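Working through the structure, step by step
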Amino acid sequence: MGQSTSGESASSGDLTVVHLMRHGEVHNPEGVLYGRLDGFHLSELGREMARLVAAHLETNDITHVVASPLERARETAAPIATGHDLQVATDVRVIESENEFEGRSVSLSDLMHPRNWHLFTDFTKPSWGEPYEDIATRMLAAIADARDAARGHEAVVVSHQLPVWTVRNKLEGRRLWHDPRKRECTLASLTSLTYHGDELASITYSEPAAELLARASKSVGA
């Protein structure tokens, strides 16, 4: 995966960019679905990813950096904020989604065990976790505030894969339920929203840490 865009290109005027960033790789040798649990920090590779993205954004006009309250997001945001002499703000609205499997060390076969079938009654909601519409609503509100805070400049919002992918689907007018294997939101990727005033002009996806992805863990909780 490289880069994709949608929407119209913005021209001159009141341009603001909100970069939605997924955190870097997490140290998670047991493959736990960590969800919103505390105590899951970036791995050394994850820290390298964060530094690489910070270097990629070094010359960007970033005036606001915000992160999910979870450790992996705040640690990913730190080198970006430091590089622009900023503090990392915290926004609970960009936190990971709720999930009934949180805290389990499971494989796909474990997830599909008959004891869990009652959790899979509605893939479109989804029945095993936070409703997609709720995720999209809270992310849209956080994005609007980040856009206002960085008006005329750029903001970075460090979040998690499902929230970023869900709000992108919402903004692009696609259905919110989806195949998780087809999400375009790799570790330390950027989904960049360009606004002309308050109007969304374009969505661009990029992977500044692409060269490190081959070394990342393939575990369930990665």
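This structure is a prediction, so every number in the text was calculated from the model and none was measured.

Thresholds applied
Residues numbered from 1 in each chain as written. Predicted model: local features only at pLDDT ≥ 70, side-chain atom pairs only at ≥ 80, totals over all residues. Heavy atoms only, no water. Axes fitted to C-alpha atoms, helices over the stretch in contact; angles between N-to-C directions. Helix = DSSP H or I, 4+ residues; strand = E, 2+ residues; numbered from the N terminus. Parallel < 35°, antiparallel > 145°, perpendicular 65-115°, else oblique. Contact = heavy atoms within 4.5 Å. Nonpolar A, V, L, I, M, F, W, Y, C, P; charged D, E, K, R; others polar. Polar contact = N/O pair within 3.5 Å; in protein donor to acceptor, adjacent residues only side chain to side chain.

Here we take up the packing of helix α4 (residues 132-149) against helix α5 (residues 161-171). Packing of α4 against α5 brings their axes to within 9 Å, and their N-to-C directions diverge by 85°. Accordingly, the angle class assigned to the pair α4 and α5 is roughly perpendicular. For the pair formed by α4 and α5, the contact residues are Tyr132, Glu133, Ile135, Ala136, Arg138, Met139, Leu140 and Ile143 on the first element and Leu162, Pro163, Val164, Thr166, Val167, Lys170 and Leu171 on the second. Of the residues contributing to the contact of α4 with α5, the split by class is 11 nonpolar, one polar and three charged.

With that settled, consider the side chain of His23. Summarising the element assignment, His23 is placed in the loop between β2 (15-22) and α1 (44-56). A polar contact is formed between the side chain of His23 and the side chain of Arg72, at a distance of 3.2 Å. Other than its neighbours up to four places away in sequence, His23 contacts Tyr34, Arg72, Ala73, Thr76, Val158, Ser159, His160, Leu187 and Ala188.

Tracing the sequence through the fold places Gly35 in the loop between β2 and α1. Along the primary structure Gly35 and Leu140 are separated by 105 residues, whereas in three dimensions their C-alpha atoms are 20 Å apart. Not counting residues up to four positions away in its chain, the partners in contact with Gly35 are Leu70, Arg72, Glu96 and Glu102.

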